[in-house]
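# Structure assessment
If you want the building blocks of each chain, they are given just below.
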Amino acid sequence: VRAAMKFADRPPPPTSPGPALPGQVNEPWKAVWNAQEGAYYYWNTVTNTTQWEHPSAQVNIDREKLIRFMDLGLCGEWEVLLPELEDEEIAIYRETVVKLGPGITKRCRYVDHVSPEHGQCLLHLAVAQGQAWVVKRLLEDFGAQLYVRSFEGKTAQELAWETGHAAVLGVLMGIPVHAQVFLATSNSN
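Residues numbered from 1 in each chain as written. Predicted model: local features only at pLDDT ≥ 70, side-chain atom pairs only at ≥ 80, totals over all residues. Heavy atoms only, no water.

## Concerning helix 5 (residues 156–163)
Here is the rule we go by: Burial status follows relative accessibility: with a 1.4 Å probe on protein chains alone, a residue under 20% of its type maximum counts as buried, one over 50% as exposed, and anything between as partly exposed. Counting from the N terminus, the helices are the DSSP runs of H or I reaching at least four residues and the strands are the DSSP runs of E reaching at least two. Our arc is simply the arc of the directions from the helix axis toward the C-beta atoms. Any two residues whose heavy atoms approach within 4.5 Å at even a single point are treated as in contact.
Turning to helix 5, its buried residues are Ala 156, Leu 159 and Ala 160. Angular distribution of buried residues about the axis of helix 5 spans 100 degrees; they occupy a single face of the element. In helix 5, those exposed residues whose orientation departs by more than 90 degrees from the buried face are Trp 161 and Glu 162. Lining the buried residues of helix 5 we find helix 3 (122–128) and helix 6 (166–173). Immediately beyond the C-terminal end of helix 5, within one or two residues, lies Gly 164, with a positive phi of roughly 75 degrees.

## With respect to the pattern of salt bridges
Put simply, the test is: By definition here, a salt bridge exists when the distance from a side-chain nitrogen of Lys or Arg to a carboxyl oxygen of Asp or Glu is within 4 Å.
Under the criterion given, the structure shown has seven salt bridges. Between Glu 117 and Arg 63 there is a salt bridge, with the nearest N and O atoms lying 2.4 Å from each other. A residue pair is termed long-range when its members are at least 10 positions apart, and Glu 117 in the loop between helix 2 (78–100) and helix 3 and Arg 63 in helix 1 (residues 63–74) qualify at 54 residues. Among the residues examined, Arg 63 registers a relative accessible area of 36% and is labelled partly exposed. Between Lys 154 and Glu 162 there is a salt bridge, with the nearest N and O atoms lying 3.0 Å from each other.

## Some details on the side chain of His 124
Here is the rule: Within 3.5 Å is the distance limit for a polar contact, defined as a pair of N or O atoms, with the added protein rule that one can donate a hydrogen and the other accept it, and that residues adjacent in sequence qualify only through two side-chain atoms.
With respect to the helices and strands, His 124 occurs in helix 3. For His 124, a relative accessible area of 1% translates into the label buried. At a separation of 3.3 Å, a polar atom in the side chain of His 124 contacts the main-chain carbonyl oxygen of Lys 154. Not counting the four nearest positions on each side in its chain, His 124 is found in contact with Val 148, Arg 149, Ser 150, Lys 154, Thr 155, Ala 156 and Leu 159.

Here it is, written out as structure tokens:
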């Protein structure tokens, strides 16, 4: 059994009323206000996963594809994984547009799904492996969410800090590459 998410790391609910809740949230989901981001995130009280997208905007996940993506990520096979993930995201986007109409900006949820078998998402895997270029692609091309927590309660930034991957941490924090090189050399002295 995976460790439960650290509840102390979660932002507290608003003490004063925040903006109106963005639509009904059904069990086991709860909307939680994040004052720092000025937005609600959604917490699944059964799986302890969090996400920024409203749960009703989720796309069904094909378990076999998820396992394949996670296995490829675990093996560091990002050159194989990313094109397959892109194809799947395009297919899901097309299916969503057909069902819900044009103008849909829903992203593929394979990127942010915290696998029950692995306890983390693809972004966590890339961070743990120190793959800054993959982290950048997952964020920019696939809309990976920074604040998704692993079953151990860690965000990608916390994991990068913990593992000492300065280049990855720089990507996650939006630090330009030339500044990352300066930081890495100044910290080694």
